[in-house]
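Listed here are the chains, written in short residue letters.
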There are 2 protein chains.
Amino acid sequence: MAKSMTLLWGAGSPPCWRVMITLEEKNLQGYKHKLLSFEKGEQKTKQVLEINPRGQLPAFRHGDIIVNESIAACLYLENQFRSQGSKLVPDGPAERAVMYQRMMEALALTDALNSVVYYDWLVPEEERHDSAVRRNKDNLTTELQLWESYLQNVAAGSYLAGAFSLADVVAFPNVAYAFRFGLSVEQYPKLAKYYRLLKDRASIKSSWPPHWLPSPRGYDVLKDL
Amino acid sequence: MAKSMTLLWGAGSPPCWRVMITLEEKNLQGYKHKLLSFEKGEQKTKQVLEINPRGQLPAFRHGDIIVNESIAACLYLENQFRSQGSKLVPDGPAERAVMYQRMMEALALTDALNSVVYYDWLVPEEERHDSAVRRNKDNLTTELQLWESYLQNVAAGSYLAGAFSLADVVAFPNVAYAFRFGLSVEQYPKLAKYYRLLKDRASIKSSWPPHWLPSPRGYDVLKDL
(Lines give C-alpha, C1' and ligand atoms only; values in the text may rest on other atoms or scores of the structure.)
Protein backbone atom coordinates (compact mmCIF):
# COMPACT_ATOMS: atom_id res chain seq x y z
CA MET A 1 0.00 0.00 0.00
CA ALA A 2 2.81 2.36 0.86
CA LYS A 3 4.06 2.01 -2.72
CA SER A 4 1.06 3.98 -4.00
CA MET A 5 1.95 6.89 -1.70
CA THR A 6 4.06 9.92 -2.58
CA LEU A 7 5.27 12.53 -0.14
CA LEU A 8 6.99 15.75 -1.20
CA TRP A 9 8.59 17.25 1.88
CA GLY A 10 10.94 19.86 3.28
CA ALA A 11 13.50 19.06 5.98
CA GLY A 12 12.74 20.36 9.47
CA SER A 13 9.20 21.44 8.61
CA PRO A 14 6.94 20.35 11.49
CA PRO A 15 3.95 19.72 9.15
CA CYS A 16 6.05 17.39 6.95
CA TRP A 17 7.58 15.66 9.96
CA ARG A 18 4.09 14.90 11.38
CA VAL A 19 3.10 13.01 8.24
CA MET A 20 6.40 11.10 8.22
CA ILE A 21 6.01 10.06 11.87
CA THR A 22 2.47 8.86 11.16
CA LEU A 23 3.61 6.85 8.13
CA GLU A 24 6.26 5.17 10.31
CA GLU A 25 3.80 4.50 13.15
CA LYS A 26 1.34 2.89 10.72
CA ASN A 27 4.10 0.66 9.26
CA LEU A 28 3.84 2.36 5.89
CA GLN A 29 7.55 2.38 5.15
CA GLY A 30 8.47 2.20 1.49
CA TYR A 31 6.42 5.18 0.29
CA LYS A 32 7.91 7.30 -2.48
CA HIS A 33 9.30 10.58 -1.23
CA LYS A 34 11.29 13.54 -2.42
CA LEU A 35 13.11 16.10 -0.31
CA LEU A 36 12.63 19.63 -1.66
CA SER A 37 14.40 22.84 -0.67
CA PHE A 38 12.49 25.77 0.84
CA GLU A 39 15.62 27.90 0.31
CA LYS A 40 15.37 27.31 -3.44
CA GLY A 41 11.58 27.88 -3.36
CA GLU A 42 10.95 24.38 -4.65
CA GLN A 43 7.58 24.27 -2.84
CA LYS A 44 6.30 26.59 -5.58
CA THR A 45 7.32 24.33 -8.48
CA LYS A 46 4.93 22.54 -10.80
CA GLN A 47 5.41 19.11 -9.21
CA VAL A 48 4.18 20.49 -5.89
CA LEU A 49 1.42 22.69 -7.32
CA GLU A 50 -0.06 19.70 -9.12
CA ILE A 51 -0.66 18.07 -5.74
CA ASN A 52 -0.91 21.08 -3.44
CA PRO A 53 -2.36 24.24 -5.04
CA ARG A 54 -1.16 26.23 -2.02
CA GLY A 55 2.46 25.61 -2.99
CA GLN A 56 3.19 24.28 0.49
CA LEU A 57 4.83 21.18 1.87
CA PRO A 58 3.91 18.48 2.65
CA ALA A 59 2.24 17.52 -0.61
CA PHE A 60 0.87 14.02 -0.08
CA ARG A 61 -0.86 11.63 -2.43
CA HIS A 62 -2.17 8.10 -1.85
CA GLY A 63 -3.21 6.76 -5.24
CA ASP A 64 -5.81 9.26 -6.48
CA ILE A 65 -6.41 10.66 -3.02
CA ILE A 66 -4.69 13.90 -2.06
CA VAL A 67 -4.40 15.18 1.52
CA ASN A 68 -1.93 17.99 2.12
CA GLU A 69 -2.82 19.60 5.44
CA SER A 70 -0.68 17.78 7.98
CA ILE A 71 -3.39 17.05 10.56
CA ALA A 72 -5.79 16.02 7.77
CA ALA A 73 -3.18 13.58 6.42
CA CYS A 74 -2.54 12.15 9.90
CA LEU A 75 -6.27 11.67 10.55
CA TYR A 76 -6.73 10.14 7.10
CA LEU A 77 -3.88 7.65 7.57
CA GLU A 78 -5.05 6.67 11.05
CA ASN A 79 -8.59 6.06 9.78
CA GLN A 80 -7.47 4.24 6.68
CA PHE A 81 -5.03 1.92 8.47
CA ARG A 82 -6.79 1.68 11.80
CA SER A 83 -5.68 -1.85 12.68
CA GLN A 84 -2.14 -1.49 11.33
CA GLY A 85 0.82 -0.35 13.43
CA SER A 86 0.26 1.94 16.44
CA LYS A 87 -3.24 3.00 17.41
CA LEU A 88 -3.01 6.81 17.29
CA VAL A 89 -6.55 7.79 18.39
CA PRO A 90 -7.44 6.44 21.86
CA ASP A 91 -10.77 4.69 22.48
CA GLY A 92 -11.65 6.20 25.84
CA PRO A 93 -13.76 9.39 25.58
CA ALA A 94 -11.63 11.35 28.07
CA GLU A 95 -8.32 10.43 26.40
CA ARG A 96 -9.77 11.01 22.96
CA ALA A 97 -11.00 14.47 23.98
CA VAL A 98 -7.57 15.45 25.34
CA MET A 99 -5.95 14.00 22.22
CA TYR A 100 -8.08 16.10 19.84
CA GLN A 101 -7.66 19.17 22.04
CA ARG A 102 -3.84 18.99 22.21
CA MET A 103 -3.56 18.01 18.54
CA MET A 104 -5.41 21.17 17.53
CA GLU A 105 -3.73 23.39 20.13
CA ALA A 106 -0.35 22.37 18.69
CA LEU A 107 -1.14 24.66 15.74
CA ALA A 108 -1.04 27.63 18.13
CA LEU A 109 2.41 26.47 19.24
CA THR A 110 3.52 26.22 15.60
CA ASP A 111 2.30 29.76 14.90
CA ALA A 112 3.89 31.20 18.04
CA LEU A 113 7.24 29.56 17.22
CA ASN A 114 7.20 30.64 13.59
CA SER A 115 6.39 34.25 14.48
CA VAL A 116 9.60 34.41 16.56
CA VAL A 117 12.03 32.14 14.68
CA TYR A 118 11.02 33.35 11.20
CA TYR A 119 10.11 36.96 11.99
CA ASP A 120 12.62 38.43 9.50
CA TRP A 121 11.50 36.00 6.85
CA LEU A 122 7.77 36.62 7.41
CA VAL A 123 7.82 40.42 7.80
CA PRO A 124 9.29 42.77 5.15
CA GLU A 125 12.11 44.92 6.52
CA GLU A 126 10.19 48.21 6.39
CA GLU A 127 7.35 46.70 8.45
CA ARG A 128 9.44 45.34 11.31
CA HIS A 129 9.05 46.71 14.85
CA ASP A 130 10.91 45.93 18.05
CA SER A 131 7.56 46.12 19.86
CA ALA A 132 6.20 43.33 17.62
CA VAL A 133 9.31 41.19 18.22
CA ARG A 134 8.85 41.63 21.99
CA ARG A 135 5.14 40.83 21.82
CA ASN A 136 5.78 37.71 19.72
CA LYS A 137 8.36 36.53 22.26
CA ASP A 138 5.92 37.18 25.12
CA ASN A 139 3.21 35.23 23.29
CA LEU A 140 5.58 32.34 22.73
CA THR A 141 6.61 32.35 26.39
CA THR A 142 2.94 32.21 27.44
CA GLU A 143 2.34 29.41 24.93
CA LEU A 144 5.33 27.36 26.12
CA GLN A 145 4.32 27.83 29.77
CA LEU A 146 0.87 26.48 28.90
CA TRP A 147 2.42 23.30 27.46
CA GLU A 148 4.72 23.05 30.46
CA SER A 149 1.60 23.13 32.67
CA TYR A 150 -0.14 20.47 30.57
CA LEU A 151 2.83 18.17 31.06
CA GLN A 152 2.89 18.99 34.77
CA ASN A 153 -0.58 17.50 35.01
CA VAL A 154 -0.10 14.26 33.09
CA ALA A 155 1.15 11.09 34.76
CA ALA A 156 4.94 11.00 35.24
CA GLY A 157 6.83 10.14 32.07
CA SER A 158 3.65 10.24 30.06
CA TYR A 159 2.62 11.37 26.61
CA LEU A 160 0.16 14.22 26.06
CA ALA A 161 -3.02 12.11 26.10
CA GLY A 162 -2.28 8.80 27.82
CA ALA A 163 -0.57 6.51 25.33
CA PHE A 164 1.40 7.89 22.37
CA SER A 165 -1.20 9.44 20.02
CA LEU A 166 -1.77 11.96 17.23
CA ALA A 167 -1.44 14.67 19.88
CA ASP A 168 2.24 13.73 20.20
CA VAL A 169 2.67 13.25 16.47
CA VAL A 170 1.48 16.81 15.88
CA ALA A 171 3.06 18.55 18.88
CA PHE A 172 6.45 16.84 19.13
CA PRO A 173 8.04 18.39 16.02
CA ASN A 174 7.33 21.83 17.52
CA VAL A 175 8.93 20.86 20.80
CA ALA A 176 12.01 19.50 19.03
CA TYR A 177 12.17 22.69 17.03
CA ALA A 178 12.02 24.85 20.18
CA PHE A 179 14.95 23.05 21.81
CA ARG A 180 16.92 23.14 18.57
CA PHE A 181 16.54 26.91 18.61
CA GLY A 182 17.89 27.23 22.12
CA LEU A 183 14.94 26.79 24.49
CA SER A 184 16.21 26.45 28.06
CA VAL A 185 16.02 22.96 29.55
CA GLU A 186 16.14 24.55 33.02
CA GLN A 187 13.24 26.94 32.38
CA TYR A 188 11.07 24.24 30.81
CA PRO A 189 11.90 21.01 32.66
CA LYS A 190 8.66 19.17 31.77
CA LEU A 191 8.99 19.99 28.08
CA ALA A 192 12.64 18.89 28.25
CA LYS A 193 11.62 15.60 29.85
CA TYR A 194 8.94 15.10 27.21
CA TYR A 195 11.51 15.81 24.51
CA ARG A 196 13.89 13.20 25.95
CA LEU A 197 11.04 10.66 26.24
CA LEU A 198 10.15 10.93 22.57
CA LYS A 199 13.32 11.74 20.65
CA ASP A 200 14.51 8.14 20.47
CA ARG A 201 11.14 6.62 19.58
CA ALA A 202 11.67 4.62 16.36
CA SER A 203 9.18 6.59 14.23
CA ILE A 204 10.69 9.88 15.31
CA LYS A 205 14.33 8.88 15.14
CA SER A 206 14.01 7.42 11.65
CA SER A 207 12.31 10.58 10.36
CA TRP A 208 14.61 13.05 12.16
CA PRO A 209 15.38 16.03 9.90
CA PRO A 210 18.57 14.96 8.09
CA HIS A 211 20.26 18.38 8.23
CA TRP A 212 19.79 18.49 12.01
CA LEU A 213 22.14 15.52 12.48
CA PRO A 214 25.45 17.22 11.53
CA SER A 215 24.43 20.49 13.27
CA PRO A 216 22.11 19.67 16.19
CA ARG A 217 21.68 23.30 17.27
CA GLY A 218 20.16 26.08 15.23
CA TYR A 219 20.76 29.70 16.17
CA ASP A 220 19.74 30.20 19.78
CA VAL A 221 16.96 32.74 19.29
CA LEU A 222 14.85 31.15 22.07
CA LYS A 223 17.48 30.95 24.80
CA ASP A 224 16.07 33.83 26.88
CA LEU A 225 12.44 32.71 26.93
CA MET B 1 -26.77 13.91 27.59
CA ALA B 2 -26.92 17.46 26.33
CA LYS B 3 -27.85 18.55 29.86
CA SER B 4 -24.33 17.76 31.06
CA MET B 5 -22.85 20.07 28.41
CA THR B 6 -21.94 23.73 28.86
CA LEU B 7 -20.91 26.09 26.09
CA LEU B 8 -19.60 29.60 26.71
CA TRP B 9 -19.69 31.42 23.40
CA GLY B 10 -19.35 34.75 21.63
CA ALA B 11 -21.77 35.86 18.91
CA GLY B 12 -20.47 35.76 15.34
CA SER B 13 -17.28 33.90 16.26
CA PRO B 14 -16.75 31.18 13.63
CA PRO B 15 -15.12 28.79 16.16
CA CYS B 16 -18.15 29.07 18.48
CA TRP B 17 -20.60 28.75 15.62
CA ARG B 18 -18.93 25.50 14.45
CA VAL B 19 -19.54 23.86 17.82
CA MET B 20 -23.15 25.09 17.90
CA ILE B 21 -23.85 23.71 14.41
CA THR B 22 -22.36 20.35 15.41
CA LEU B 23 -24.47 20.22 18.58
CA GLU B 24 -27.59 20.85 16.47
CA GLU B 25 -26.59 18.27 13.84
CA LYS B 26 -26.04 15.65 16.55
CA ASN B 27 -29.47 16.41 18.11
CA LEU B 28 -27.86 17.69 21.29
CA GLN B 29 -30.28 20.55 21.85
CA GLY B 30 -30.84 21.51 25.45
CA TYR B 31 -27.20 22.06 26.42
CA LYS B 32 -26.45 24.88 28.86
CA HIS B 33 -24.99 27.93 27.19
CA LYS B 34 -24.04 31.50 27.95
CA LEU B 35 -23.42 34.30 25.48
CA LEU B 36 -20.40 36.41 26.46
CA SER B 37 -19.22 39.72 25.05
CA PHE B 38 -15.84 40.04 23.32
CA GLU B 39 -16.27 43.83 23.46
CA LYS B 40 -16.39 43.66 27.25
CA GLY B 41 -13.46 41.21 27.31
CA GLU B 42 -15.62 38.58 29.00
CA GLN B 43 -13.54 35.79 27.38
CA LYS B 44 -10.82 36.66 29.90
CA THR B 45 -13.03 36.26 32.98
CA LYS B 46 -12.68 33.55 35.59
CA GLN B 47 -15.66 31.50 34.38
CA VAL B 48 -13.97 31.12 30.98
CA LEU B 49 -10.42 30.65 32.29
CA GLU B 50 -11.60 27.77 34.49
CA ILE B 51 -12.57 25.90 31.34
CA ASN B 52 -10.27 27.43 28.73
CA PRO B 53 -6.87 28.59 30.07
CA ARG B 54 -6.32 30.45 26.78
CA GLY B 55 -9.15 32.85 27.65
CA GLN B 56 -10.78 32.15 24.30
CA LEU B 57 -14.26 31.20 23.18
CA PRO B 58 -15.68 28.65 22.73
CA ALA B 59 -15.17 27.14 26.16
CA PHE B 60 -16.90 23.76 26.09
CA ARG B 61 -17.42 21.15 28.76
CA HIS B 62 -19.21 17.80 28.65
CA GLY B 63 -19.37 16.50 32.21
CA ASP B 64 -15.73 16.34 33.30
CA ILE B 65 -14.43 16.43 29.73
CA ILE B 66 -13.20 19.73 28.34
CA VAL B 67 -12.62 20.41 24.63
CA ASN B 68 -12.18 24.03 23.61
CA GLU B 69 -10.54 24.06 20.18
CA SER B 70 -13.47 24.19 17.75
CA ILE B 71 -12.33 21.40 15.41
CA ALA B 72 -11.38 19.24 18.40
CA ALA B 73 -14.86 19.74 19.88
CA CYS B 74 -16.53 18.91 16.55
CA LEU B 75 -14.45 15.72 16.14
CA TYR B 76 -15.11 14.75 19.76
CA LEU B 77 -18.89 15.20 19.41
CA GLU B 78 -19.02 13.30 16.13
CA ASN B 79 -17.05 10.40 17.63
CA GLN B 80 -19.00 10.39 20.86
CA PHE B 81 -22.44 10.49 19.21
CA ARG B 82 -21.63 8.65 16.02
CA SER B 83 -25.02 7.07 15.48
CA GLN B 84 -27.04 10.10 16.59
CA GLY B 85 -28.25 12.84 14.23
CA SER B 86 -26.32 13.58 11.03
CA LYS B 87 -23.25 11.57 10.14
CA LEU B 88 -20.56 14.24 9.81
CA VAL B 89 -17.54 12.12 8.80
CA PRO B 90 -18.13 10.20 5.54
CA ASP B 91 -17.27 6.49 5.28
CA GLY B 92 -15.71 6.47 1.81
CA PRO B 93 -11.93 7.01 1.84
CA ALA B 94 -11.99 9.61 -0.96
CA GLU B 95 -14.80 11.67 0.63
CA ARG B 96 -13.21 11.32 4.05
CA ALA B 97 -9.87 12.58 2.73
CA VAL B 98 -11.48 15.63 1.12
CA MET B 99 -13.48 16.22 4.27
CA TYR B 100 -10.40 16.28 6.52
CA GLN B 101 -8.49 18.36 4.00
CA ARG B 102 -11.16 21.08 3.66
CA MET B 103 -11.89 21.04 7.40
CA MET B 104 -8.24 21.85 8.14
CA GLU B 105 -7.84 24.27 5.24
CA ALA B 106 -10.76 26.28 6.61
CA LEU B 107 -8.38 27.51 9.32
CA ALA B 108 -6.35 29.27 6.63
CA LEU B 109 -9.56 30.97 5.49
CA THR B 110 -10.30 32.02 9.08
CA ASP B 111 -6.80 33.52 9.43
CA ALA B 112 -6.93 35.30 6.08
CA LEU B 113 -10.34 36.82 6.91
CA ASN B 114 -9.32 37.89 10.41
CA SER B 115 -6.14 39.55 9.17
CA VAL B 116 -8.25 41.83 6.94
CA VAL B 117 -11.47 42.36 8.93
CA TYR B 118 -9.73 42.78 12.30
CA TYR B 119 -6.46 44.38 11.17
CA ASP B 120 -6.89 47.48 13.36
CA TRP B 121 -7.85 45.36 16.31
CA LEU B 122 -4.94 42.91 15.87
CA VAL B 123 -2.16 45.39 15.08
CA PRO B 124 -1.25 48.33 17.38
CA GLU B 125 -1.57 51.71 15.65
CA GLU B 126 2.17 52.43 15.53
CA GLU B 127 2.81 49.11 13.77
CA ARG B 128 0.27 49.47 10.98
CA HIS B 129 1.38 49.69 7.35
CA ASP B 130 -0.58 50.21 4.14
CA SER B 131 1.68 47.63 2.50
CA ALA B 132 0.61 45.03 5.08
CA VAL B 133 -3.07 45.88 4.57
CA ARG B 134 -2.63 45.41 0.81
CA ARG B 135 -0.77 42.14 1.25
CA ASN B 136 -3.41 40.81 3.64
CA LYS B 137 -6.12 41.68 1.11
CA ASP B 138 -4.15 39.97 -1.68
CA ASN B 139 -3.72 36.87 0.48
CA LEU B 140 -7.44 36.81 1.24
CA THR B 141 -8.28 37.18 -2.47
CA THR B 142 -6.01 34.24 -3.30
CA GLU B 143 -7.59 32.22 -0.48
CA LEU B 144 -11.16 32.99 -1.60
CA GLN B 145 -10.32 32.13 -5.21
CA LEU B 146 -9.00 28.77 -4.03
CA TRP B 147 -12.33 28.00 -2.34
CA GLU B 148 -14.19 29.23 -5.41
CA SER B 149 -12.16 26.70 -7.45
CA TYR B 150 -12.89 23.90 -4.97
CA LEU B 151 -16.62 24.56 -5.35
CA GLN B 152 -16.20 24.71 -9.14
CA ASN B 153 -15.02 21.12 -9.02
CA VAL B 154 -17.65 19.57 -6.77
CA ALA B 155 -20.94 18.23 -8.15
CA ALA B 156 -23.53 20.93 -8.82
CA GLY B 157 -25.27 22.16 -5.70
CA SER B 158 -23.02 20.06 -3.54
CA TYR B 159 -21.34 20.43 -0.19
CA LEU B 160 -17.55 20.52 0.16
CA ALA B 161 -17.02 16.75 0.51
CA GLY B 162 -20.06 14.95 -0.89
CA ALA B 163 -22.81 15.00 1.75
CA PHE B 164 -22.92 17.69 4.44
CA SER B 165 -19.93 17.03 6.74
CA LEU B 166 -17.54 18.55 9.26
CA ALA B 167 -15.85 20.30 6.32
CA ASP B 168 -19.01 22.40 5.92
CA VAL B 169 -19.47 22.80 9.67
CA VAL B 170 -16.00 24.31 9.91
CA ALA B 171 -15.88 26.30 6.66
CA PHE B 172 -19.42 27.70 6.44
CA PRO B 173 -19.17 30.22 9.28
CA ASN B 174 -16.19 31.79 7.46
CA VAL B 175 -18.13 31.98 4.22
CA ALA B 176 -21.13 33.60 5.97
CA TYR B 177 -18.73 36.03 7.62
CA ALA B 178 -17.17 36.98 4.25
CA PHE B 179 -20.55 37.81 2.70
CA ARG B 180 -21.62 39.68 5.80
CA PHE B 181 -18.55 41.88 5.36
CA GLY B 182 -19.39 42.72 1.78
CA LEU B 183 -17.86 39.96 -0.38
CA SER B 184 -19.14 40.31 -3.95
CA VAL B 185 -21.69 37.71 -5.03
CA GLU B 186 -20.74 38.47 -8.66
CA GLN B 187 -17.00 37.92 -8.14
CA TYR B 188 -17.51 34.70 -6.18
CA PRO B 189 -20.57 33.02 -7.70
CA LYS B 190 -19.75 29.50 -6.47
CA LEU B 191 -19.18 30.68 -2.93
CA ALA B 192 -22.42 32.66 -3.15
CA LYS B 193 -24.30 29.56 -4.33
CA TYR B 194 -22.75 27.52 -1.52
CA TYR B 195 -23.80 30.21 0.95
CA ARG B 196 -27.39 30.11 -0.32
CA LEU B 197 -27.42 26.29 -0.18
CA LEU B 198 -26.44 26.21 3.49
CA LYS B 199 -27.84 29.32 5.13
CA ASP B 200 -31.32 27.87 5.66
CA ARG B 201 -30.19 24.46 6.88
CA ALA B 202 -31.88 23.88 10.26
CA SER B 203 -28.65 23.55 12.28
CA ILE B 204 -27.24 26.73 10.77
CA LYS B 205 -30.40 28.80 10.88
CA SER B 206 -31.11 27.98 14.52
CA SER B 207 -27.55 28.91 15.54
CA TRP B 208 -27.30 32.06 13.37
CA PRO B 209 -25.48 34.85 15.26
CA PRO B 210 -28.30 36.73 17.01
CA HIS B 211 -26.87 40.21 16.43
CA TRP B 212 -26.66 39.52 12.68
CA LEU B 213 -30.47 39.28 12.43
CA PRO B 214 -31.34 42.98 13.02
CA SER B 215 -28.29 44.16 10.99
CA PRO B 216 -27.52 41.58 8.28
CA ARG B 217 -24.55 43.50 6.85
CA GLY B 218 -21.36 44.41 8.64
CA TYR B 219 -19.11 47.16 7.27
CA ASP B 220 -18.24 46.31 3.70
CA VAL B 221 -14.49 45.94 4.03
CA LEU B 222 -14.41 43.02 1.56
CA LYS B 223 -16.44 44.58 -1.26
CA ASP B 224 -13.45 45.17 -3.57
CA LEU B 225 -11.88 41.71 -3.32
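Only a predicted model underlies this, so the values are computations on that prediction, with no experimental measurement involved.

(A) Here's a closer look at the pattern of salt bridges. Summed over all chains, the structure comprises 26 salt bridges over all chains. Salt-bridge contacts for D91 of chain A lead to K87 of chain A; the nearest nitrogen and oxygen are separated by 3.3 Å. Taking the relative accessible area as the measure of exposure, D91 of chain A reaches 54% and is therefore exposed. For D200 of chain A, the salt bridge goes to K199 of chain A, with nearest N and O atoms at 3.2 Å. Classification of K199 of chain A as partly exposed rests on a relative accessible area of 27%. Residues participating in the shared-partner salt-bridge network are R54 and E69 of chain A together with R102, E105 and E143 of chain B.

(B) Main features of a nonpolar patch on the surface. A contiguous nonpolar patch, built from Y118, W121 and L122 of chain A and spanning about 370 Å² of accessible area, is present on the exposed surface. As for its placement among the helices and strands, L122 of chain A is situated in helix 5 (residues 119-122).

(C) View of the sheet that holds strand 4 (residues 65-66) of chain A. Residue and element names in this part refer to chain A. A sheet is described by the order of its strands in space; here 4 strands give the open sequence 2-1-3-4, paired in mixed fashion. At either end of the open sheet lies a strand with only one pairing partner, and these are strand 2 (32-36) and strand 4. Here helix 1 (residues 14-25) sits on the sheet and contacts strand 1 (5-10) and strand 3 (59-62); the angle it forms with strand 1, its principal contact strand, is near 140°.

(D) Examining the side chain of R18 of chain A more closely. Residue and element names in this part refer to chain A. Tracing the backbone shows R18 in helix 1. Despite its burial, R18 pairs with no opposite charge, the nearest such side chain being E69 at 7.9 Å. Sequence-distant contacts of R18, defined by excluding residues within four places in its chain, comprise S70, C74, A106, L107, T110, V169, V170, P173 and N174.

(E) Looking closely at unusual backbone geometry. Residue and element names in this part refer to chain A. The omega torsion of the bond from L57 to P58 falls at 5°, within 30 degrees of zero and hence cis. Assignment of secondary structure puts P58 in the loop between helix 2 (46-49) and strand 3. A positive phi angle, near 55°, is found at N27, a position not held by glycine. With respect to the element layout, N27 can be found in the loop between helix 1 and strand 2. Relative accessible area serves as the criterion here: at 45%, N27 is assigned to the partly exposed category.

(F) Layout of the packing of aromatic side chains. Evaluated as defined, the whole model comprises 26 aromatic pairs over all chains. Seen in terms of ring centroids, F172 of chain A and W208 of chain A are 6.4 Å apart; in terms of plane orientation they differ by 50°. Their pairing is tilted. On the criterion of sequence distance, the pair formed by F172 of chain A in helix 7 (residues 166-180) and W208 of chain A in the segment after helix 9 (202-205) is long-range, its members being 36 residues apart. Given a relative accessible area of 0%, F172 of chain A falls into the buried group. Measuring from centroid to centroid gives 5.9 Å for F172 of chain B and Y195 of chain B, while their planes differ by 10°, and the two rings are stacked. Remark: Y195 of chain B occurs in helix 8 (residues 189-199) and F172 of chain B occurs in helix 7 (residues 166-180); sequence separation between them is 23 residues. The pair formed by F172 of chain B and Y195 of chain B is uniform in burial state, with each residue classed as buried. A connected cluster of aromatic rings, assembled from ring pairs, spans W17, F172, F179, Y194, Y195, W208 and W212 of chain A. The ring of Y150 of chain A carries R102 of chain A above its face, with NZ or CZ at 3.5 Å from the centroid.

(G) Highlighting the pairing of strand 1 of chain A. Residues and elements named next belong to chain A. Where burial is concerned, most of strand 1 is hidden: 6 out of the 6 residues are buried. Alternating positions in strand 1 separate into two faces, M5, L7 and W9 on one and T6, L8 and G10 on the other, with burial throughout. The sheet contact formed by strand 1 and strand 3 spans 4 bridges and is antiparallel. Looking at the pairing, T6 lines up with R61 of strand 3. One ladder, built from 5 bridges, connects strand 1 with strand 2; its direction is parallel. Within strand 2, the position partnered with G10 by the bridge is L36. Tracing the backbone out of strand 1, into helix 1 and back to the parallel element strand 2 gives a crossover that is right-handed.

(H) Fine view of the interface of chain B and chain A. Contacts between chain B and chain A engage 34 residues on the former and 34 residues on the latter. If you look at where chain B meets chain A, you find 6 salt bridges. Note that R54 of chain A is salt-bridged to E143 of chain B, the shortest N-O span being 2.8 Å. At 11 residues, the largest contribution of residues to the side of chain B that touches chain A is made by helix 4 (residues 93-117) of chain B. Residues belonging to the side of chain B that touches chain A are distributed by class as follows: 20 nonpolar, 6 polar and 8 charged.

The rules we used
- Residues numbered from 1 in each chain as written.
- Chains lettered and ligands numbered in written order.
- Predicted model: local features only at pLDDT ≥ 70, side-chain atom pairs only at ≥ 80, totals over all residues.
- Heavy atoms only, no water.
- Salt bridge = Lys/Arg side-chain N within 4 Å of Asp/Glu carboxyl O.
- Buried < 20%, exposed > 50% of the residue type's maximum accessible area, 1.4 Å probe, protein only.
- Patch = residues over 30% accessible without salt bridge, like charges linked within 9 Å, V, L, I, M, F, W, Y side chains within 5 Å.
- Areas by Shrake-Rupley, 256 points an atom, 1.4 Å probe, with all protein chains shown as cover.
- Helix = DSSP H or I, 4+ residues; strand = E, 2+ residues; numbered from the N terminus.
- Pairing = 2+ DSSP bridges.
- Contact = heavy atoms within 4.5 Å.
- Axes fitted to C-alpha atoms, helices over the stretch in contact; angles between N-to-C directions.
- Lys, Arg positive; Asp, Glu negative; His and termini not counted.
- Phe/Tyr/Trp six-rings, centres within 6.5 Å; stacked < 30°, edge-to-face > 60°.
- Lys NZ or Arg CZ within 6 Å of the ring centre and 35° of its normal.
- Right-handed = clockwise from strand over helix to strand, strands pointing away.
- Nonpolar A, V, L, I, M, F, W, Y, C, P; charged D, E, K, R; others polar.

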